Amino acid sequence: MNASALPLANNTPLCYVYNSPPFNYSHPIASARYSSIFVILGLSSNLIAFIVLVKSFQRTQNRSRSFFLIFLGGLVVTDFMGLLVTGSVVISFHVTHFNWRTVDPNCHLCNFMGMSMVFYGLCPLLLGATMAVERFIGINCPFARSNMTKSRAISMMLMVWFSAGGIAFLPLTGIGSYHIQKPGSWCFFNISPEGKDMAFSLIFALVGLICIAVSFLLNMISVVTLIKVCCGQDRGQRRRDHEVEMMVQLILIMVIASICWCPILIFIAQTVLSGAHLRVGKLLLWLRFASVNQTLDPWVYILFRRAVLKKMFPRLNWSRGSIMTLYPSFRDTMRRFTSSSIGSSTLASSETGETGKLNVMPPSTPKPQPPSP
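Residues numbered from 1 in each chain as written. Predicted model: local features only at pLDDT ≥ 70, side-chain atom pairs only at ≥ 80, totals over all residues. Heavy atoms only, no water.

Requested: an account of the overall build of the protein chain, with residues and values cited.
Summing up its helical and strand segments, the protein chain has eleven helices and two strands in all. Across the protein chain, helices and strands are ordered from the amino to the carboxyl terminus as α-α-α-α-α-β-β-α-α-α-α-α-α. Relative to its 373 residues, the protein chain shows a buried fraction of 47%. The contacts in the protein chain between residues at least 6 apart in sequence include a share of 79% that link residues at least 24 apart. Accessible surface computed for the protein chain: about 19500 Å², of which carbon and sulfur atoms make up 66%. (Helix = DSSP H or I, 4+ residues; strand = E, 2+ residues; numbered from the N terminus. Buried < 20%, exposed > 50% of the residue type's maximum accessible area, 1.4 Å probe, protein only. Contact = heavy atoms within 4.5 Å. Areas by Shrake-Rupley, 256 points an atom, 1.4 Å probe, with all protein chains shown as cover.)

Structure representation (structure tokens):
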């Protein structure tokens, strides 16, 4: 039943209409130890990544890389704050076992945590799609990005935060509602197949899935374009190691986000569309699975940098100036695969001409006979 349709004659706050503490519910991952280890690991990972990003931003002289680092820094800050805000409430509950009805009689804390869960959940997906758009324009339409400035990149990141905040604010306007969730340590929007709760559940799920789909499509196009450039005729003149490095990091971020978030997004959409009863254990499991994204994201930049890879694999030939040269068999395969789109016929004819010239031997000049006596 929709919460807005319930009579509140007993003055029960909205966030306690469906679930009212205390709860008699236990789950293996709903414990103070698990939550504490998870939050500490995530916070330390994002802090390390932020320090590395700041140092890299100060040293970089490449314009496109500086834009990428701005978006990546926004992603790290968002993940850090998400773990800090939501983790503080969860750990406090597991340690003190406070009564929500006593501590938060007017649902202010529950609404704040519910907004935080939605905001910090959508921000990484929206930022991933924004980064995919920026890389798509930078690789495929470099002249269209010539007027891009650092202030504009920061404005785009702020717009992403504003969009996620606007969606998170919808339940406070009546589109959906935030409720206390079992085992009583967190608040989230009501996943229901009825009324406005269904509308907000679909908004959350579809926005997340669309962001993942956009990231996948644009990143694949950018990868194909970058392979053509690196394996093409002008690969010696157009070395784009920084482009390849950024693209590898962005692909990994997209893969991690897809693996972590697709299960809960699909689960929410299936639950509200099928009208099935909400399975709390599944919801809690997929939510924990999605939270891993905030811990794995910073390690993509910490580990998958050219400077780190040089130290991890010192025997590889890093002096030739191109990351693609590290994988000669892959390079040759992709070169043949993309030969049709980079003018293979022209190259073949020129190579045939060169070979013909080499095979034609100049006529031998007869040696002069010595004069007869």
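With reference to specific residues and values, describe the state of the cysteines.
Scanning all chains against the criterion turns up two disulfides. Here C110 pairs with C187 through a disulfide, and the sulfurs are 2.1 Å apart. The sign of the S-S torsion, about -120 degrees, decides the handedness of the disulfide formed by C110 and C187: left-handed. Residue C110 is located in helix α4 (residues 108-140), and its partner C187 is located in strand β2 (residues 186-189); the two are separated by 77 residues in the primary sequence. The exposure classification of C110 matches that of C187, with both residues buried. By sequence-ordered numbering of the bonded cysteines, the protein chain has its disulfides arranged as 1-2, 3-4. (Disulfide = S-S within 2.5 Å.)

Could you give an account of the packing of helix α1 (residues 32-59) against helix α2 (residues 63-96), naming the residues involved and the relevant values?
The geometry of α1 relative to α2 is characterised by a closest axis approach of 9 Å and an angle of 160 degrees between their N-to-C directions. Between α1 and α2, the angle falls in the class roughly antiparallel. As α1 runs across α2, the sense of the crossing is left-handed. (Axes fitted to C-alpha atoms, helices over the stretch in contact; angles between N-to-C directions. Parallel < 35°, antiparallel > 145°, perpendicular 65-115°, else oblique. Left-handed = near helix turned anticlockwise from the far one by under 90°.)

Would you mind going over the pattern of salt bridges in detail, with residue names and values included?
Here the structure, examined in full by the defined rule, presents one salt bridge. E134 is paired through a salt bridge with R135; the nearest N and O atoms lie 3.0 Å apart. A single burial state applies to E134 and to R135, both of which are buried. (Salt bridge = Lys/Arg side-chain N within 4 Å of Asp/Glu carboxyl O.)

Quick one: what's the story with the packing of aromatic side chains, residue by residue and with numbers?
In the structure shown here, the tally under the stated rule is eleven aromatic pairs. Seen from their ring centres, Y178 and F200 are 6.5 Å apart, and the 80 degrees between their planes marks the pair as edge-to-face. Remark: F200 occurs in helix α6 (residues 195-231) and Y178 occurs in strand β1 (residues 178-181); sequence separation between them is 22 residues. Comparing Y178 with F200, the two get one shared label, buried. For the ring pair F189 and F204, a centre distance of 5.2 Å and an interplane angle of 55 degrees mean the geometry is tilted. Taken together, the residues F189 in strand β2 and F204 in helix α6 connect sequence positions 15 residues apart. (Phe/Tyr/Trp six-rings, centres within 6.5 Å; stacked < 30°, edge-to-face > 60°.)

With reference to specific residues and values, describe unusual backbone geometry.
Of all residues except glycine, most have a negative phi; of all peptide bonds, most are trans. Positive phi outside glycine occurs at H97, with the angle close to 55 degrees. Mapped onto the fold, H97 is located in the loop between α2 and α3 (100-103). The class for H97 is exposed, based on a relative accessible area of 58%.

How would you summarise the packing of α2 against α4 if you had to cite specific residues and measurements?
Between α2 and α4, the shortest axis-to-axis distance is 10 Å and the interhelical angle comes to 160 degrees. Here α4 runs roughly antiparallel to α2, going by the angle between their axes. Handedness of the α2/α4 crossing: left-handed. Split into classes, the residues belonging to the contact of α2 with α4 amount to 18 nonpolar, seven polar and three charged. (Nonpolar A, V, L, I, M, F, W, Y, C, P; charged D, E, K, R; others polar.)

Describe the environment of A129, naming the residues involved and giving the relevant values.
Tracing the sequence through the fold places A129 in helix α4. With relative accessibility at 9%, the residue A129 sits in the buried group. Note: C-alpha distance between A129 and I212 (83 residues apart in sequence) is 6.9 Å. Every residue in contact with A129, bar those within four places of it in the chain, is listed here: C211 and S215.

So what's going on with the side chain of S185? Which residues, and what values?
Here S185 lies in the loop between β1 and β2. Taking the relative accessible area as the measure of exposure, S185 reaches 4% and is therefore buried. What S185 contacts, discounting residues up to four positions off in sequence, is V89, V90, F93, H94, W100 and M113.

By themselves these figures say nothing about function.
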